Structures are given as C-alpha cells and as structure tokens.
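Take a look at the letters that make up each chain.
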Amino acid sequence: METNFNDIQQLWQSQKASNFDIQGLISGLKKTEEKQRKERIAIAIITPSTLVFLFAVMPWGESKAILFSLLVIAAAMLWVGWLSFSSALKPSDDSESFSNKAYIETQLTKLKQRYKIAGTYMYFYAFLLAAAINVAYFVLLEPLSATIRISTHLGLTVMIFVVMHISIRRRIKKYDQSLKPIMEQLEKMLLELKA
C-alpha cells in the first residue's frame, strides 16, 4: 500500500496539492483493517459456538418448527459473517498488485459496503432473528396461556429490534467518525486521478 500511496503522494506534490494527508490516510486504513480483522475473528469464533450451543440445547428433533427456526438463525448468522468477510479491506501488502485507481476504488467500495451492512442489512438480520426466535418460542411456550405467549412474543420482538437499532446507530456513528474521513480522502484522490 505504501508504494502506491507514495506514488500518489509524489503526484500530488508535483501538482501542488497542499491539503492531502497521505500518512493520515495510510494510518486510518491500517486501523480499519485491524478492527475488521478482529471483528472477523470474533465472528469466526462466536457463530459456530452459538450454533453448536443452540442445536445442543434446543429440542429440534421433536419439532420441525424449532428445526426450521434454528436453520433460519444459522443462515442469518452465516450470511452476516459472509457480509463481514466480503467487505474486508485489501491488506496493505496486496495493494502493489493494483493500479492506483483500481486499489482506491476497491477500498472505497469496501468501506461503502460496511455502511450498507450496518444501515440496511443488519435490520434484515434483526427481522430474521426475531421471526426465527418467535417460531421457536411459539412451540416451546405452547403449554402457557395465550396472554403469556403473546406478551412474550411481543416483548421479545420489541427487545430484539430496540437492541439492534441502538447497536446499529452506534456503529454508524463510529463509522461517521472513523470511516467517513477516509472515504472522503479516497474520493478526492479518485477525482484527482481522473483529472
């Protein structure tokens, strides 16, 4: 990455671009890469552990509805994991295989995808989780009264969406502070390269 960015830095210096912070950009990309790497490690540990736990404790052999619920939860968790892995920034070492423009476009696309995951896909993930958990609870709470079952379903659904909404808002706020400046610098670089 530094080789490509050093080339770009020389281009900017020759064009008298005075307000471009190449070292800050490199540092920001490296910090983002590190955070994403930790997130992917956590996903790689938490997802299988959670699924093993759920399949071990839930009576999925007794009910097709519970099995369906667990399969939806598994699919949703694997989907979010795939989204996270597919939005990973290209490591600094690989940047030399890109032309400057292609590398910048790739990084910018990946950063925009992070926003889309947080702002759009996580709400769909919350919906899938709420639906799947409600299906399982529908079967598990069958012996209880209708009032208790409905209250449980409503409370659970509201809790999932409130927790997810707060989590998503926090994530987007962090992205606004950490990713947005990097994205703006990358967009400026693309504009300069096109000029």
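Higher on the page you've got the structure.
Residues numbered from 1 in each chain as written. Predicted model: local features only at pLDDT ≥ 70, side-chain atom pairs only at ≥ 80, totals over all residues. Heavy atoms only, no water.

1. Comments concerning helix α3 (residues 64–86)
Since one α-helical turn is 3.6 residues long, residues separated by three or four positions face the same way.
Alright, step 1. Relative to the 33 Å expected for 23 residues at 1.5 Å per residue, α3 spans 32 Å between its end C-alpha atoms, a close match to the ideal helical length.
Alright, step 2. One side-chain oxygen of the residue at the start of α3 lies 3.2 Å from the amide nitrogen of alanine 65, identifying that residue as serine 63. (Helix = DSSP H or I, 4+ residues; strand = E, 2+ residues; numbered from the N terminus. Expected span 1.5 Å × (residues − 1). Polar contact = N/O pair within 3.5 Å; in protein donor to acceptor, adjacent residues only side chain to side chain.)

2. Looking at the packing of α3 against helix α4 (residues 100–140)
Alright, step 1. It is at 9 Å that the axes of α3 and α4 come closest, and there the two elements cross at 170°. Taken as axis vectors, α3 and α4 run roughly antiparallel relative to one another.
Alright, step 2. Considered class by class, the residues forming the contact of α3 with α4 number 22 nonpolar, 4 polar and 2 charged. (Axes fitted to C-alpha atoms, helices over the stretch in contact; angles between N-to-C directions. Parallel < 35°, antiparallel > 145°, perpendicular 65-115°, else oblique. Nonpolar A, V, L, I, M, F, W, Y, C, P; charged D, E, K, R; others polar.)

3. Some thoughts on the side chain of serine 86
Alright, step 1. Mapped onto the secondary structure, serine 86 falls in helix α3.
Alright, step 2. Polar side-chain contacts of serine 86 include one of 3.0 Å to the backbone oxygen of leucine 83.
Alright, step 3. Leaving out residues up to four positions away in the same chain, serine 86 has contacts with Lys110 and Gln113. (Contact = heavy atoms within 4.5 Å.)

4. Let's talk about the nonpolar core
Alright, step 1. Residues Ile73, Leu111, Met122, Tyr125 and Leu186 are the most contacted members of the largest nonpolar core, which totals 40 residues.
Alright, step 2. Elements with a minimum of two residues in this core: α2 (22–57), α3, α4 and α5 (146–194).
Alright, step 3. Among the elements that take part in this core, α4 stands out by supplying 13 residues, more than any other. (Core = buried A, V, L, I, M, F, W, Y, C linked by side-chain atoms within 4.5 Å. Buried < 20%, exposed > 50% of the residue type's maximum accessible area, 1.4 Å probe, protein only.)

5. Some words on the packing of α4 against α5
Alright, step 1. Between α4 and α5, the shortest axis-to-axis distance is 8 Å and the interhelical angle comes to 175°. In this view, α4 runs roughly antiparallel relative to α5, as classed from their interaxial angle.
Alright, step 2. Here the contact of α4 with α5 is composed, by residue class, of 29 nonpolar, 8 polar and 11 charged.

6. Examining a positive patch on the surface
Alright, step 1. Judged by side-chain charge, Lys31, Lys35, Arg170 and Lys174 come together as a positively charged surface patch.
Alright, step 2. At the level of secondary structure, the elements contributing two or more residues to the positive patch comprise α2 and α5.
Alright, step 3. Positionally, arginine 170 belongs in helix α5. (Patch = residues over 30% accessible without salt bridge, like charges linked within 9 Å, V, L, I, M, F, W, Y side chains within 5 Å. Areas by Shrake-Rupley, 256 points an atom, 1.4 Å probe, with all protein chains shown as cover. Salt bridge = Lys/Arg side-chain N within 4 Å of Asp/Glu carboxyl O. Lys, Arg positive; Asp, Glu negative; His and termini not counted. Charge placed at Lys NZ, Arg CZ, Asp CG, Glu CD.)

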